[in-house]
Amino acid sequence: MANLLENAVPTSWARRFDALWHELRSTRPEALTAVKEEVARRLQEMNVRLPLASVITSQFATDQWMPKFEQILKAGDVNDPAVVQELNEYAESRLGKLRLAAEAMSDPDDETDLRNCLVYWYVEAKSEWFQFNTRINYNLSRKGEFDPVLVYKAGIGSAILADLESIFDDHEIDVLAEYLFQPLPSAYELHAARHRVA
Amino acid sequence: MSFVSTDIISNLGSASRATVDAADYGIVKVDKDGNILLYNRYEADLAGVEPSFAEGRNFFTQIAPCSNNRLFFGKFKEGVAGGSLNEEFKYTFTYKMKPTPVDVHLYQDAATQTNWIFVKKAA
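Below, the structure is looked at part by part. None of these values were measured; they are calculated from a predicted model.

Basis of the calculations
- Residues numbered from 1 in each chain as written.
- Chains lettered and ligands numbered in written order.
- Predicted model: local features only at pLDDT ≥ 70, side-chain atom pairs only at ≥ 80, totals over all residues.
- Heavy atoms only, no water.
- Axes fitted to C-alpha atoms, helices over the stretch in contact; angles between N-to-C directions.
- Helix = DSSP H or I, 4+ residues; strand = E, 2+ residues; numbered from the N terminus.
- Parallel < 35°, antiparallel > 145°, perpendicular 65-115°, else oblique.
- Left-handed = near helix turned anticlockwise from the far one by under 90°.
- Contact = heavy atoms within 4.5 Å.
- Nonpolar A, V, L, I, M, F, W, Y, C, P; charged D, E, K, R; others polar.
- Core = buried A, V, L, I, M, F, W, Y, C linked by side-chain atoms within 4.5 Å.
- Buried < 20%, exposed > 50% of the residue type's maximum accessible area, 1.4 Å probe, protein only.
- Pairing = 2+ DSSP bridges.

Time to look at the packing of helix α7 (residues 111-143) of chain A against helix α8 (residues 148-164) of chain A. Residue and element names in this part refer to chain A. The N-to-C vectors of α7 and α8 enclose an angle of 150 degrees; their axes lie 9 Å apart at closest approach. Considering their axes alone, α7 and α8 lie roughly antiparallel with respect to each other. Note that α7 runs across α8; the crossing there is left-handed. Two secondary-structure elements touch here, α7 through L118, W121, Y122, A125, K126, W129, F132, R135, I136 and N139 and α8 through L150, V151, K153, A154, S158, I160, L161 and L164. Per-class residue counts for the contact of α7 with α8 are 13 nonpolar, two polar and three charged.

Core analysis: the largest hydrophobic core is formed by 72 residues, its most contacted members being A:L164 and B:F72. In this structure B:F72 touches B:F59, B:F60, B:S67, B:F89, B:Y91, B:F93, B:V104, B:L106 and B:I117, once residues within four positions along its chain are discounted. Residues B:V4, B:L12, B:V20 and B:L38 belong to the second largest nonpolar core, which totals eleven residues.

Residues and elements named next belong to chain B. Read from one edge to the other, the open sheet built from five strands follows the order β2-β1-β5-β4-β3, with strand pairing classed as antiparallel. Both outer strands of the open sheet, β2 (36-39) and β3 (86-93), are each paired with one neighbouring strand and no more. Taking each pair of neighbouring strands and ignoring which way they run, the sheet shows an average axis angle of 20 degrees. Where β3 lies against strand β4 (residues 100-109), eight bridges are found, and the strand directions are antiparallel. In the strand pairing of β4, F89 is matched with V104. Against the sheet, helix α6 (residues 70-82) contacts β1 (26-30), β3, β4 and β5 (114-121), and its axis sits at roughly 160 degrees relative to β3.

By themselves, these figures tell us nothing about what the structure is for.
Dropping the structure here:
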């Protein structure tokens, strides 16, 4: 592993890293965290940026996320097997979309389109979260009801969103937040601005 | 009956950072548009957002977008516009935190013309 890193060439290194990562996951899962930290440290020293697709694949791998979800559900005392299964399937479907995009656009030259897909995913996921959140609080306000499936889907969705934000810069997040706060008025404003300029 | 102590309500204009940080509920001071002027320790710990990050940002669009609906932000806007904000209700926060049921008290202090959002984890 040390030799691999020291002789790294950025583009081919990422593919070799992926192969090594998969091998470690199946043979020595307990070593993954230490390896990841060492890799990150070496990359920083070498000033190498991992391809975006590799970042997405490793950051949103199921084995990275399952412990986090288990923590969220444990904290809420969610232990009905049917509810846990539904929430796991929801989480996996959200993560799966990110990984599929990274898989389809894995070449460094695809990064512009991959980033666009991540923006679309972010808008979709945050829009869904807004819908969940509004339903949760209307159910609570009007009927005094608390739906654990809906509430924990919102929590899980929001945790994944928070992690994806590390891919964007603060200004991009602020701009998207402003748009999603009032999407239709924001779209009208953009439409009006474009037609004025034209 | 609000969870906010009469001590705090009576001294909103002069409450020090140390006093608000000692409270066992969230205290957020905002302007009429929801921009955060003060964000106390309890709220920072509840939301996982440091006061230095929150202060200067908008509560409703940036820090707690889960409040973006008529039940929360709508009540705030109506109350501020009418000059008589004083609403208490139950709510559930889910943004970047484990789903947390809370009690909320929105309040406008007539004496200092300031707007406040108080939040406490529901029992």
